[in-house]
Structure formats: C-alpha cells, structure tokens
Amino acid sequence: MEKLKNLFKAKAEKQAAEIKDILKEHGTKVMGEVQLAQAFQGMRGITGMIYETSLLDSEEGIRFRGFTIPELQAKLPKAKGGKEPLPEGLFYLLLSGELPTEADVTELSADWRKRSKLPSHVLRTIDALPLEAHAMTQVTTGVMALQTDSIFAKKYAEGVNKKEYWSYVYEDAMNLIARLPEVAAYVYRRKYHGGKTIAADQNLDWAANFAHMLGFEGEGFKELMRLYLTIHSDHEGGNVSAHTAHLVGSALADPYLSFAAAMNGLAGPLHGLANQEVIKWILDMQKTLGTDRPSGKQIEEYVKKTLADGKVVPGYGHAVLRKTDPRFTAQAEFAKKHMPDDKLVNTVWQIYETVPPILQSLGKIKNPWPNVDAHSGALLLHYGLKEYEYYTVLFGVSRALGVLAAQVWSRALGFPLERPKSVTTENVKAWIAGKDTIWE
Ligand code: CMX
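All of these numbers come straight from a predicted model, not from anything done at the bench. Numbering of residues begins from 1 in every chain and follows the order in which that chain's sequence is written. For a predicted model such as this one, the threshold for reporting local features is a pLDDT of at least 70, and the threshold for listing and counting side-chain atom pairs is 80 or more; totals across whole chains, interfaces and linings nevertheless cover every residue. Only hydrogens and water are set aside; all other atoms, that is, all heavy atoms of the structure, feed into the side-chain values.

So, about the overall build of the protein. Secondary structure elements follow DSSP: runs of H or I of four or more residues count as helices, runs of E of two or more count as strands, with numbering from the N terminus. Scanning the protein from N- to C-terminus turns up 20 helices and two strands. The quantity called the radius of gyration is restricted to C-alpha atoms. Its globule counterpart is 2.2 Å times the number of residues to the power 0.38. A compact globule built from 440 residues would reach a C-alpha radius of gyration of about 22 Å, and the protein, at 22 Å, matches this within 12%. By its C-alpha atoms, the protein is 65 × 65 × 45 Å across when sized along the principal axes. By the burial criterion, 52% of the 440 residues in the protein qualify as buried. Should any heavy atoms of two residues lie within 4.5 Å, those residues are counted as being in contact. Across the protein, contacts joining residues at least 24 apart in sequence account for 75% of those joining residues at least 6 apart. In this description, accessible areas are obtained by the Shrake-Rupley approach with a 1.4 Å probe, and a residue is regarded as covered only by the protein chains that are shown. Put simply, the protein shows about 20,300 Å² of open surface, and 55% of that area lies on carbon and sulfur atoms. Averaging the locations of the 53 positively and 52 negatively charged side chains of the protein gives two centres separated by 2 Å. Working definition: with a 1.4 Å probe on protein chains only, accessible area under 20% of the residue-type maximum means buried, over 50% means exposed, and in between means partly exposed. This count recognises Lys and Arg as positive and Asp and Glu as negative, with His and chain-terminal groups excluded. A single reference atom marks each charge: NZ on Lys, CZ on Arg, CG on Asp, CD on Glu.

Here it is in structure tokens:
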C-alpha cells in the first residue's frame, strides 16, 4: 500500500513543519487552567495532549477527521450490495485525513490480507492459557506474542534515525491490524467452539472475513461488523485505551506493546468491558423479573435496586459526552432497519426511555444518557453471538484502527516522552496553607 504510505508521509511532513511554526510563535500561549478538583478527579476536561485522528464534542459526539457517523455512512466506500462503511476506508481516512476511493479501499483490503499470516508460536502461546481465561486476556496475550515480529523494535535495536521511526511504526500498525482478526477469531473458536477454527476467506473484506472466521456467514452480521468496527475505532485521545496507547508509545514501546497496554485498559468495566456488563445486567434483570419483556415500571425498580446496591448502571454515563452517544444512535438505527421486533432490542429501547430521568434525579451524574456500550450486545445476540465475555474483544479489534493510526502520527510528528507532573496531597495541603509553592 505504497500510495497510502506516501500520502501519509507528505501530509505528516507538512504538518510537522506547521507545528514547528505554531510552537515558535505561540508556544507559550495558555490553553486552560487546572483546578484542584480536576487533579483529584480523573483529570476531566484538562486539555493536555494532541491526538490527530478524531475529536469529541460533548454535545454532538465524535467526529472522525471532521466527519460524523452518518456522514461516514454516506461517504465511505461500501462492500458490494452493502450499506455500511468498510472499516478499511475509515482507517485510510484516520491516517491520511482524506476520504478514500473504492479502489483505495480494495487495495488496502488486499494489503491487509497479504500481511495477515500469524507466526506459529502465537497460537501456541494462547494455547498455554486455560480456556476459562477471559477472552480479552487471551487476545492480549496473542498480541504480546505477535510482538516478536515488531519491525520497529528490530530497527530501533539496530540503531535507526529517529526521522524514520514512523515508517516502521506504520509497518507494525498495518501488520497488527491485518493479524488481529486472526488472533481474535482463534480465541473465539478456541474458547467457545472446541478449537474448530475456520480458515480466512481471501475474497472478503476485513470485517466480513472476521465475521466468517468467527463462524457467522449471514450478510446481516457482516454488515453489523462493518458498522461496529468502524464506529468503535476512535474517540479522541483522552479515553483510557487511546491514552494508554499514546502514553506507552511515547516511551518508544512498539505498536504491539502499546496496543496490548491499551487493550488492558479497555478490559476495565468502566471502559470497554461495559459492553459485556450491559448484557449481563439485562439478562440478570430478565431472570430476576421472570420476563423477557420488562415494563418501564419493572425496569425502574431494577435500576433503583442496582443503584441502592452501590453499583453503576452499565452503558450509561460518560466522562465527556453530555448527550446520547451518536454511536448508540447509529446502532439503534441499524436495529430499526434489521430487527425492529427483536425482544432484547426493544428492552434496550425501553431502558433508554426509563434510565435517564432516574439518573438525572440523583443530581450527581453528569451524563444520564446511554453510551456506545448500551446497545451493542443486543445486536450481537440477535445474530447468535451470545458469549458476552467476548464482546470487548470486538471493541478492541476496532480500537486498533484508531490508536494505531494515531501512533503513526505521533512518531511522524516526533512527539516526545509523555510525562505530566504529579503532586501529593501533602503538597496540596501545604500549598493551601501558603507554605508550599512547589508546582507554581
Ligand atoms: N450509574 C450509576 N452511577 C453513575 C453512573 C451510572 N451509569 N455514571 C456515573 N455515575 C456516578 C459516578 O460513579 C460518580 O459517583 P460518586 O460521586 O459516588 O463517585 C458520579 O455519578 C459522578 O460521575 P460522573 O462525573 O457523572 O461520571 P465520570 O466521568 O466519573 O465517569 C463513567 C464516567 C463512564 C465511568 C461512568 O458514567 C460510569 O461508570 N458508567 C457506567 C459504566 C459504563 O457504561 N462505562 C462505559 C463508558 C464508555 C466506554 O468507555 O466504553
């Protein structure tokens, strides 16, 4: 895929020169201020990093290189007969900032197919884990095993000019994205289907081939995967997985190490694992209530019990968003088109009617609206992917597109080691008492 690499090089060189000029003239300009509460409470709202591939608006939601999800659905190339965007196109856009043609996407699909073969020790490494190991643990172990193939790590060890870092990170990113569905599908078939793996179909696009290797042949599921793997890819730079990849990569850890670190963050229940928690929570609710069509009133009681038990309502709330997540809306639109009568989907919609006013009434939750994870499980279950411990892996496969494209940019722009300042509560108390000015 020389065209994309050359296009990226031209764009990155231009942008690196622009950044040099910006910093020369405006480097001391103040972007904001940090309040004590922000330092103690998860650094919300502190603008402190540059992340090129997407930008999140708290009211409007995510834009990928300036495009909303409905715009991507309209403008990105599709599979023959398909209506959803191909994730290859989204990756091309994230990396180059330009919308790809159909030919660009076909070429990228073919390029990833060529790169997709796994070294044999990767599967053996996964096989060393017990079957009960969580699917995220197994996949991330596979990613770590793939790291032996890192071109960046090899070139760095040989002693390479820092101007060339991005080129090797690009190769690693492309190889890792190409191989990730193979690793992820292997884990699925190993954990849930007695190890009966399904060989790749060289004629399929990246998402459809992943669906095929998982064992899902219907066009509906393939379309869902194309949409799913597109919309979960990127959510600007501060979320746990993207920020982890950015931080770890800043130490010049190669893309495999950085992405594995990101996957470990994604496996937390307040981040990506929330997609499994949502379905678990709904299925528990159905069991407790003895119905698969709970009424609004019944859901309300169950939500109140969840809160009274000191638990979060999974799939609701967000650290940045203050409206319904457009990724939730995109999935709801998909469901309206493909499965409007599905009982579980209807329960998800009923929960959407019921939960926000309850969370709002507590007065402390900043965003009572659903996030991306509130809807995805119901769609997967509709097509028969019932093993919800696997859901976060799908999120992770998609997230690779965003965080790896961003990492190529970070190395091309020469971003340094990330190292913010921390203080202790003792420092803070002394500062409040006027006895310490350590960080001023
Ligand atoms: N249910 C119950 N309580 C919630 C809540 C929810 N869905 N969302 C927020 N709260 C609580 C917080 O736990 C916090 O409580 P305390 O003050 O007692 O500690 C309070 O409301 C204020 O939190 P906030 O400022 O509104 O939210 P944060 O930015 O701190 O946290 C998030 C954001 C996503 C972690 C939180 O909303 C949450 O836990 N949601 C449920 C888990 C979830 O769906 N995560 C997935 C997010 C999307 C993704 O990354 O995939």
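Looking at soluble globular proteins, one finds that nonpolar side chains tend to be buried together. Note on terminology: a nonpolar core comprises buried Ala, Val, Leu, Ile, Met, Phe, Trp, Tyr and Cys residues joined through side-chain atoms within 4.5 Å. Phe-91 and Tyr-390 are the most contacted members of the largest nonpolar core, which totals 119 residues. Tallying contributions element by element places helix H9 (residues 165-192) first for this core, with 17 residues. Those residues in contact with Tyr-390 that sit more than four places away from it in its chain are Ala-135, Ala-184, Ala-185, Tyr-188, Tyr-192, Phe-210, Leu-214 and Leu-385.

On to the packing of helix H4 (residues 87-96) against helix H19 (residues 391-412), then. Remark: H4 packs on H19, axes separated minimally by 9 Å, with the N-to-C direction vectors making an angle of 25 degrees. With respect to their mutual orientation, H4 and H19 come out roughly parallel. Where H4 crosses over H19, the handedness of that crossing is right-handed. Across the interface between the two elements, Pro-87, Phe-91, Leu-94 and Leu-95 of H4 pack against Leu-401, Gly-402, Ala-405, Val-408 and Trp-409 of H19. Each residue is assigned to one class: nonpolar for Ala, Val, Leu, Ile, Met, Phe, Trp, Tyr, Cys and Pro, charged for Asp, Glu, Lys and Arg, and polar for all the others, Gly among them. Here the contact of H4 with H19 is built from residues that sort into eight nonpolar, one polar and no charged. Lines fitted to C-alpha atoms define the axes here, with helix axes fitted over just the stretch in contact, and angles between the N-to-C directions of these axes take values from 0 to 180 degrees. Each angle gets one of four labels, with under 35 degrees taken as roughly parallel, over 145 as roughly antiparallel, 65 to 115 as roughly perpendicular, and the rest as oblique. Each crossing gets its hand from how the near helix is turned against the far one by less than a right angle, where anticlockwise is left-handed and clockwise is right-handed.

Our next topic: a nonpolar patch on the surface. What makes a patch is a set of residues exposed beyond 30% relative accessible area and free of salt bridges, joined within 9 Å when like-charged and within 5 Å when nonpolar (Val, Leu, Ile, Met, Phe, Trp, Tyr). Salt-bridge detection follows one rule: a side-chain nitrogen of Lys or Arg within 4 Å of a carboxyl oxygen of Asp or Glu. Together, Val-34, Met-43 and Ile-46 make up a nonpolar patch on the protein surface, roughly 260 Å² of accessible area in all. Looking at the element boundaries, Met-43 is found in the loop between helix H2 (36-40) and strand S1 (54-57).

Before going further, it helps to spend a moment on unusual backbone geometry. Phi is positive for Arg-65, which is not a glycine, with a value near 50 degrees. Checked against the element boundaries, Arg-65 lands in the loop between strand S2 (61-64) and helix H3 (69-75). The partly exposed category is assigned to Arg-65, whose relative accessible area is 22%.

Before going further, it helps to spend a moment on the side chain of Ser-96. Looking at where Ser-96 falls in the secondary structure, it is placed in helix H4. A distance of 2.7 Å separates a polar atom in the side chain of Ser-96 from the backbone oxygen of Tyr-92. Side-chain atoms alone can form a polar contact between residues adjacent in sequence; in general such a contact is a pair of N or O atoms within 3.5 Å, and within protein one must be able to donate a hydrogen while the other accepts it. Of the polar contacts made by the side chain of Ser-96, one reaches the backbone nitrogen of Glu-98; its length is 3.0 Å. Those residues within four positions of Ser-96 in sequence are excluded, and the remaining contacts are Leu-4, Leu-7 and Lys-11.

Whether a residue is near a molecule or strand depends on its heavy atoms: if one lies within 4 Å, it is near. Residues in close proximity to the ligand total 19 residues, the closest being His-271, Gly-315, Lys-364, Lys-366 and Asp-373. Between the ligand and Tyr-316, the relevant distance is 2.8 Å, taken from a nitrogen atom to a main-chain nitrogen or oxygen of the residue. In the environment of the ligand, an oxygen atom lies 2.5 Å from a nitrogen or oxygen atom belonging to the side chain of Asp-373. Relative to its unbound accessible surface of 900 Å², the ligand loses 75% to contact with the protein.

So, on to the pattern of salt bridges. This structure, assessed with the given rule, holds 30 salt bridges. A network of salt bridges, in which partner residues are shared, links Lys-5, Asp-111, Arg-115 and Glu-171.

With a 1 Å grid spanning the protein atoms alone, the term cavity applies to any set of points in which a 1.4 Å probe fits but cannot get out, the term pocket to an open set with protein on both sides within 12 Å along at least five of seven lines, and the term lining residue to any residue with an atom within 4 Å of a point. Grid points are joined across faces, edges and corners, and a volume is the space filled by probe spheres set on the points. By the definition in use, this model includes two cavities of 30 Å³ or more. Counted as a void, the largest cavity has a volume near 130 Å³. Around the largest cavity, the lining is made up of 15 residues, and of these Arg-113, Ser-116, Ala-178, Trp-206 and Asn-209 lie nearest the centre. Those elements that provide at least two residues to the lining of the largest cavity are helix H5 (102-114), H9 and helix H10 (206-214). For the lining of the largest cavity, the leading source of residues is H10, giving four residues. Here the residues of the lining of the largest cavity sort into eight nonpolar, four polar and three charged. Taken as a whole, the second largest cavity spans an internal volume of roughly 50 Å³. As for the second largest cavity, its lining consists of Val-278, Trp-281, Ile-282, Val-313, Pro-314, Tyr-316, Val-348, Ile-351 and Ala-374. Elements with a contribution of two residues or more to the lining of the second largest cavity: helix H14 (274-289) and helix H17 (343-362). Class assignment for the residues of the lining of the second largest cavity results in nine nonpolar, no polar and no charged.

Moving on, we get to the environment of Pro-100. Locating Pro-100 in the fold gives a position in the loop between H4 and H5. Residue Pro-100 is classed as buried on the basis of its relative accessible area of 7%.

By this rule the span expected of a helix is its residue count minus one, scaled by 1.5 Å. For H9, which comprises 28 residues, the first-to-last C-alpha distance of 39 Å matches the rise-based estimate of 40 Å (1.5 Å per residue) to within 8%. Fitting axes to the seven residues that end at a residue and to the seven that start at it, the angle between those axes gives the bend at that residue. Along its length, H9 reaches its greatest deviation from straightness, about 35 degrees, at Arg-179, and the proline Pro-181 lies no more than four positions downstream. Counting buried positions along H9 yields 26 of 28 residues, so the element is predominantly enclosed. Gly-194 occupies a position one or two residues after H9 and carries a positive phi of about 60 degrees.

Of the two faces of S1, the one holding Ser-54 and Leu-56 is buried and the one holding Leu-55 and Asp-57 is not buried anywhere. A strand pair is defined by DSSP finding two or more bridges across the two strands. Relative to S2, S1 runs antiparallel, the two being bridged by four bridges. Along S2, the bridge assignment pairs Ser-54 with Phe-64. Counted between consecutive antiparallel strands, the loop separating S1 from S2 contains three residues.

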